[in-house]
Amino acid sequence: MAIPIIHDWKKYFTYPDEGLGSSYERIVINNVIRSLVERYGVETILETPSFGFTGMSGINLMNEALAGRKIALEDNERERLDLVADLWTETGLSLNAVMNPDYRKLEYVDRAFDMAFNFSALWFVSDLKEFLSELTRVTDKVIMLSVPNRSGIGFKLQMKDYDPGKYPELHPQFIDTRSIEFIMGKLGWIKEQSGYFDCPPWPDIGMSKEDFLAKTIGLKRDLTEQNKPARADSAKKALTILDHYKGKEPDFPQRMQKFYFLERLAPVWFKRVWAHHYYMIFVPHA
């Protein structure tokens, strides 16, 4: 999670180098979404809002589009939405890209989607209750909501830089999990599952994860060299999951999952202070 991305998100569309941290995060998200898709027989997915605190915006559901699911996503900034739509076209994938200025209304019929999803994005809606009311209306089977891990070390450190005057579009009160669960319950949806995820062997901080691994756990530089953020004047290849989606790097998930051991093995008490995100899975009350 990096608050400055609010102001510098365009750089990823100019040069899509997400580095090791966001690249690992992509695979973790893909794994969680795929488990839900298979469990609930999902064929249509809505991501709204699509802009959250992670590298390149608008590509969280490309993996499911490759598997044949129909995808729609919403953004509240026209330039970013157009860039996302162009990226999907470039990748050869179909997308329904929708402009939504404040997320108060979702212009779809009831139960239009099997699944709805967003990642670190709830604090960009204008009114949490209105948004969740609309989200539950247009979703039939399952909703996944993910927020930054507010008990995590990285979140606490990064929020020290938060200034409401500097980031007026950000509403931290909307990522309170108790408030989200209460509203969802009132809307007739129950929390089926929740937990911490995105728990790699590096903290949720703004420094290069490659440098962190090299300096703190002695990982040899040659093992992380391929993942160094490439510079505009460098011949080094950028690290981006887009190449995987284009069929150029079939081993990309396996490479990222070399760092998956804490995700699988760490106890909950450790994830509570180390994991970068927290997810909640909601289903309609029977």
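Not measured: the values here are computed from a predicted model. (Residues numbered from 1 in each chain as written. Predicted model: local features only at pLDDT ≥ 70, side-chain atom pairs only at ≥ 80, totals over all residues. Heavy atoms only, no water.)

1. Some points on the overall build of the protein
Move 1: Per the secondary structure count, the protein includes 14 helices and seven strands.
Move 2: With 286 residues in all, the protein has 55% of them scored as buried.
Move 3: At a minimum sequence separation of 6, the contacts of the protein that also span at least 24 residues come to 81%.
Move 4: Working note: accessible area of the protein is about 12800 Å², and carbon and sulfur atoms make up 52% of it. (Helix = DSSP H or I, 4+ residues; strand = E, 2+ residues; numbered from the N terminus. Buried < 20%, exposed > 50% of the residue type's maximum accessible area, 1.4 Å probe, protein only. Contact = heavy atoms within 4.5 Å. Areas by Shrake-Rupley, 256 points an atom, 1.4 Å probe, with all protein chains shown as cover.)

2. Quick look at helix α6 (residues 128-138)
Move 1: Where α6 is concerned, the buried positions are L128, F131, L132, E134, L135, T136 and V138.
Move 2: On its buried side, α6 packs onto β1 (44-47), β4 (113-119), β5 (139-148), α8 (177-186) and β6 (189-197).
Move 3: Between the side-chain oxygen at the start of α6 and the backbone nitrogen of K129 there is a gap of 3.2 Å, and the oxygen is on D127. (Polar contact = N/O pair within 3.5 Å; in protein donor to acceptor, adjacent residues only side chain to side chain.)

3. A look at empty space enclosed by the protein
Move 1: Scanning the model with the defined rule gives one cavity of 30 Å³ or more in all.
Move 2: There is about 50 Å³ of room inside the largest cavity.
Move 3: As for the largest cavity, its lining consists of N149, G152, I153, G154, F155, P203, D204, V273, W274, A275 and H276.
Move 4: Only α7 (153-158) and α14 (268-274) provide two or more residues apiece to the lining of the largest cavity.
Move 5: Ranked by residues supplied to the lining of the largest cavity, first place goes to α7 with three residues.
Move 6: When the residues that make up the lining of the largest cavity are grouped by side-chain class, the tally is six nonpolar, four polar and one charged. (1 Å grid on protein atoms, 1.4 Å probe; cavity = no way out; pocket = protein on both sides within 12 Å on 5 of 7 lines; lining within 4 Å. Points joined across faces, edges and corners; volume = space filled by probe spheres on them. Nonpolar A, V, L, I, M, F, W, Y, C, P; charged D, E, K, R; others polar.)

4. Things to note about the sheet that holds β1
Move 1: Across the sheet, which stays open at both edges, the seven strands sit in the order β3-β2-β1-β4-β5-β7-β6 with mixed pairing between neighbours. Two strands lie at the open edges of the sheet, namely β3 (96-99) and β6, each paired on one side alone. Strand-to-strand twist in this sheet, taken as the mean axis angle between neighbours without regard to direction, amounts to 20°.
Move 2: As paired elements, β1 and β4 share three bridges and run parallel to each other. Across the sheet, residue I45 finds its bridge partner in β4, namely M115.
Move 3: The sheet contacts of helix α3 (residues 19-40) involve β1, β4, β5, β6 and β7 (277-284), and relative to β4 the element is tilted by about 160°.
Move 4: Most of the contacts of α6 go to β5, to which it runs at about 140°, and overall it touches β1, β4, β5 and β6. (Pairing = 2+ DSSP bridges. Axes fitted to C-alpha atoms, helices over the stretch in contact; angles between N-to-C directions.)

5. Regarding the pairing of β5
Move 1: A large share of β5 lies buried, amounting to eight of its ten residues.
Move 2: With six bridges connecting them, β4 and β5 associate as parallel partners. When the bridges of β5 are listed, F113 appears paired with T139.
Move 3: Each parallel crossover has a hand, and for β4 linked through α6 to β5 it is right-handed.
Move 4: In this structure, β5 lies alongside β7, joined through six bridges in antiparallel fashion. Bridge pairing in β7 places V147 opposite Y278. (Right-handed = clockwise from strand over helix to strand, strands pointing away.)

6. Regarding the pairing of β1
Move 1: Burial along β1 is two-sided: T44 and L46 and I45 and E47, pointing in opposite directions, are all buried.
Move 2: Examined bridge by bridge, β1 and strand β2 (residues 70-75) share four bridges and lie parallel to one another. Paired with L46 across the two strands is A72, which belongs to β2.

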